[in-house]
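Overview (structure and organization)
Below are the chains, spelled out letter by letter.
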Amino acid sequence: MLPMLRSIHPSTAFPILVLAPSILCLMAPTVRAQSGTRVVPQPSYRPAPNYSAPPTYSTPMGSQTRPMATQGSQTRVPAVGSQTKTVATPTALQGYCPVCVIEMKKWVKGSPQFAASYDGKRYLFPGEEQKQMFLKDPAKYVPAMGGNCTVCAVNMGQTVAGSVMFPALYENRLYLFPGEQQKQEFRSNPTKYANADVAYGGKCAVCRAEMNQVVDGKPEFTAFYSGKRYWFPEEKQRAMFLGNPAKYAEP
């Protein structure tokens, strides 16, 4: 069932035969066939073949083929913590389309075929149209604090993930909460929590670093980084921030 927007809301071992010396002597003479050719006794077993094909192993993402280290081989299993390890980007909103929530006030499941990454998360869309709308203005559609609870941030100073089961819309922006209690607290005083994710109190981070000046930013010039919103007085400062956000980000 889709969540409702009310407010908007993984041997065979061969036996070893020990023969007495007297029996070994009886086996010593060479056996000859009637044709005069020499017949060499053959062993009663064949050595196991040496398979070089890589075995498979199971991972949380399913069964994959992984080259294992073999004697004389140059391939090695990457060590734990190796830089070759890839970390999957988490999917935001449990796969629901953020554009559909804002524009249609509906929860619509997205498809991996139409995915876009933004601020460390992957967003899914039902079609190319919604994907392009998101890419044109992602700040309009991403949930507050990247989906974390603004009430928990303000009241407890903690980062707590919200859920699509407890959503709310305020000034056409999506907020998620871990439970009904936090949602109701938000609804009772939205202005207290609505801008909890705005960095530097809305002051321009670039102006602060480059000119040592305190300059008010504007919501129309917004950039997201690590779940926070940054406001700038003009597009110029916003572009500078996006070029190197780690330089200007709030600690």
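The structure reproduced in this document is the subject of the present report. (Residues numbered from 1 in each chain as written. Predicted model: local features only at pLDDT ≥ 70, side-chain atom pairs only at ≥ 80, totals over all residues. Heavy atoms only, no water.)

What follows covers helix α3 (residues 128-136). Residues of α3 that are buried: Gln130, Lys131 and Phe134. Down the axis of α3, the buried side of the element spans an arc of 100°, and every buried residue falls inside it. Exposed side of α3, more than 90 degrees from the buried face: Glu129 and Lys136 are the residues found there. Looking at the buried positions of α3, the neighbouring elements they touch are α2 (98-104), β3 (111-118), β4 (121-125) and α4 (138-141). (Buried < 20%, exposed > 50% of the residue type's maximum accessible area, 1.4 Å probe, protein only. Helix = DSSP H or I, 4+ residues; strand = E, 2+ residues; numbered from the N terminus. Arc of directions from axis to C-beta. Contact = heavy atoms within 4.5 Å.)

Applying the stated criterion across every chain yields a total of zero disulfides. Left without a disulfide partner, Cys149 is nearest to the cysteine sulfur of Cys152, which lies 3.1 Å away. The exposure class assigned to Cys152 is buried, which follows from its relative accessible area of 3%. (Disulfide = S-S within 2.5 Å.)

So, about the side chain of Ser163. Among the secondary structure elements, Ser163 is positioned in strand β5 (residues 163-170). Only 3.0 Å separates the side chain of Ser163 from the backbone nitrogen of Met165, close enough to count as a polar contact. Non-local contacts of Ser163, meaning those with residues more than four positions away in its chain, are made with Gln94, Leu176, Phe177 and Pro178. (Polar contact = N/O pair within 3.5 Å; in protein donor to acceptor, adjacent residues only side chain to side chain.)

Moving on to the nonpolar core. In this structure, Leu93, Trp107, Tyr123, Phe125, Phe134 and Leu174 are the most contacted members of the largest nonpolar core, which totals 23 residues. The set of elements that each furnish at least two residues to this core consists of α2, β3, β4, α4, β5 and β6 (173-177). Top element by residues in this core is α2. It accounts for four residues. Counting residues in each nonpolar core, the second largest holds twelve residues, with Ala199, Cys204, Val206 and Phe241 among its members. (Core = buried A, V, L, I, M, F, W, Y, C linked by side-chain atoms within 4.5 Å.)

Our next topic: the pattern of salt bridges. Applying the stated criterion to the full structure yields seven salt bridges. In this structure, the salt-bridge partner of Lys203 is Asp216, at a minimum N-O distance of 2.2 Å. One end of the pair, Lys203, is in the loop between α7 (190-193) and α8 (205-210); the other, Asp216, is in the loop between α8 and β7 (218-225), and 13 residues separate them in sequence. For the salt bridge of Lys228 with Glu250, the shortest nitrogen-to-oxygen distance reads 2.7 Å. On the criterion of sequence distance, the pair formed by Lys228 in strand β8 (residues 228-232) and Glu250 in the segment after α10 (245-248) is long-range, its members being 22 residues apart. Classification of Glu250 as partly exposed rests on a relative accessible area of 26%. It is possible to trace a salt-bridge network through shared partners that takes in Arg173, Asp197 and Arg229. (Salt bridge = Lys/Arg side-chain N within 4 Å of Asp/Glu carboxyl O.)

For the rest of this paragraph, the subject is the pairing of β7. Pairing analysis gives five bridges linking β7 to β8, with the strands arranged antiparallel. Directly across from Thr222, in β8, lies its bridge partner Trp231. The hairpin turn running from β7 into β8, its antiparallel successor, is two residues long, and Ser226 in that turn takes a positive phi close to 55°. (Pairing = 2+ DSSP bridges.)

Moving on, we get to the packing of aromatic side chains. Evaluated as defined, the whole model comprises 14 aromatic pairs. An angle of 85° between the planes, with centres 6.0 Å apart, marks the rings of Tyr170 and Phe186 as edge-to-face. Note that Tyr170 is positioned in strand β5 and Phe186 in helix α6 (residues 180-188), a separation of 16 residues in sequence. On the accessibility criterion, Tyr170 (21% relative accessible area) is partly exposed. The exposure class assigned to Phe186 is buried, which follows from its relative accessible area of 2%. Counting every residue linked through ring pairs, the aromatic cluster contains Tyr200, Tyr225, Tyr230, Phe232, Phe241 and Tyr248. Of note, Lys109 hangs over the ring of Tyr96, and the distance from its end group to the ring centre comes to 4.5 Å. (Phe/Tyr/Trp six-rings, centres within 6.5 Å; stacked < 30°, edge-to-face > 60°. Lys NZ or Arg CZ within 6 Å of the ring centre and 35° of its normal.)

Nothing here speaks to function; it is all geometry.
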